[in-house]
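Report on the structure
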Amino acid sequence: MLKVLTLTFFAAGALACIPSQAQSIQLYIQEYGPFTHTDPLSGEVKGFLTEKVAEIMKRARETSSISSTSLARGLYAAQNEPNACLFAFRRTPEREKFFNWVGPLTTDTWVLFKRRDDQRVLKQFEDAKPYSIGSYKNAATGLQLTEQGYNIQFANADEDNPRLLINKRLDYWIVSELHGLFIAQQQGLNNDIARAVRYRQIELYMLCHPGMDKQRIENFNRINKELDHEGLTEKLQRKYGIR
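Scope of this entry: the structure provided in the associated data block. What you are looking at is a predicted structure, and each value in this text was computed from that prediction instead of being measured. (Residues numbered from 1 in each chain as written. Predicted model: local features only at pLDDT ≥ 70, side-chain atom pairs only at ≥ 80, totals over all residues. Heavy atoms only, no water.)

Turning our eyes to something else, we now look at the overall build of the chain. Each helix and strand counted, the chain has 7 helices and 11 strands in total. Taking 243 residues into account, the globule formula puts the C-alpha radius of gyration at 18 Å, and the chain, at 19 Å, falls close to it. Across its three principal directions, the C-alpha atoms of the chain cover 60 × 35 × 35 Å. Counting the 243 residues in the chain, one finds 52% classified as buried. (Helix = DSSP H or I, 4+ residues; strand = E, 2+ residues; numbered from the N terminus. Rg over C-alpha atoms; globule rule 2.2 N^0.38 Å. Buried < 20%, exposed > 50% of the residue type's maximum accessible area, 1.4 Å probe, protein only.)

Below, the structure is given as structure tokens:
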């Protein structure tokens, strides 16, 4: 179910500066803490990339609202709803032509997690090929690894995987290291898992409706680079313990 939140990003005085044809942008996230996530107490969308995208919208003098939803729903919206964007998302060749892309917004280290008491040693990622590996529905990494012959088990949500791992229904869990620890900590399982082996660095983007004005997309990309150059990106990463 789509969870619409009350958070709205707005630059003061922006309405006077927005061309009449420019529509308010609907931003979507999946729950991907600490990058993007909903505060359970306030209902606000928070996170390092949430703040970065808010700053991009502000400097671009755009109005926008933000909603938390599933990955499948967010992808559908970005492809079918004019002025819709989904962020904190991996760019892949298979999806390249279906969206306009902004970024990279940041990089993200992906790893295999194991049970802390698991004595098996993986010298390289390929050593995990004979074992069951947890991913989740529509996850690009899981889909690509399946094509490469890995035994990927798809849960309905990534939040299901820590318990599946601890209960020995999985051998490993493929996930963003920071996001995996964030989920495990919320479930009280962060002391029960450990990194088995590093997978790779993955870049995270914002993807937008394919019909969105190209100048708008170019402006978002220009501002994103400005934020990196100014050091704001690194400042936000430190704020959320990412760097």
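Considering the arrangement of structural elements, one finds N161 in helix α4 (residues 161-166). A relative accessible area of 1% places N161 in the buried class. When sequence neighbours within four positions are dropped, the list of residues in contact with N161 reads G134, S135, Y136, A155, L170 and W173. (Contact = heavy atoms within 4.5 Å.)

With that out of the way, let us pick up the pattern of salt bridges. Per the counting criterion, the structure on display carries 14 salt bridges. Across the salt bridge formed by E230 and R59, the nearest N and O atoms sit 2.9 Å from each other. Of this pair, E230 sits in helix α6 (residues 214-230) while R59 is found in helix α1 (residues 48-59), placing the two residues 171 residues apart along the sequence. Relative accessible area serves as the criterion here: at 48%, E230 is assigned to the partly exposed category. On the accessibility criterion, R59 (33% relative accessible area) is partly exposed. (Salt bridge = Lys/Arg side-chain N within 4 Å of Asp/Glu carboxyl O.)

The next subject is the state of the cysteines. Put plainly, a disulfide is one covalent bond tying together the sulfur atoms of two cysteines. Taken as a whole, this structure holds 1 disulfide when the rule is applied. Each sulfur of the disulfide joining C85 and C208 lies 2.1 Å from the other. Judged by the torsion about the S-S bond (105°), the C85/C208 disulfide is right-handed. In this pair, C85 is assigned in strand β6 (residues 84-90) and C208 in strand β11 (residues 193-208), connecting sequence segments 123 residues apart. The class for C85 is buried, based on a relative accessible area of 0%. The buried category is assigned to C208, whose relative accessible area is 0%. (Disulfide = S-S within 2.5 Å.)

Let's shift gears to the environment of Q26. Relative to the assigned elements, Q26 resides in strand β2 (residues 25-29). Sequence spacing of Q26 and T69 is 43 residues, and the spatial spacing of their C-alpha atoms is 12 Å. Those residues in contact with Q26, other than ones at most four positions away along the chain, are S65, I66, S67, N83, A84 and C85. Only 3.1 Å separates the side chain of Q26 from the side chain of S67, close enough to count as a polar contact. (Polar contact = N/O pair within 3.5 Å; in protein donor to acceptor, adjacent residues only side chain to side chain.)

Below, the discussion takes up the packing of α1 against helix α7 (residues 232-239). For the pair α1 and α7, interaxial distance at closest approach is 9 Å and the crossing angle is 150°. With respect to α7, the axis of α1 lies roughly antiparallel. The chirality of how α1 crosses α7 is right-handed. For the pair formed by α1 and α7, the contact residues are F48, E51, K52 and E55 on the first element and L232, T233, L236, Q237 and K239 on the second. Of the residues that constitute the contact of α1 with α7, the class distribution is 3 nonpolar, 2 polar and 4 charged. (Axes fitted to C-alpha atoms, helices over the stretch in contact; angles between N-to-C directions. Parallel < 35°, antiparallel > 145°, perpendicular 65-115°, else oblique. Left-handed = near helix turned anticlockwise from the far one by under 90°. Nonpolar A, V, L, I, M, F, W, Y, C, P; charged D, E, K, R; others polar.)

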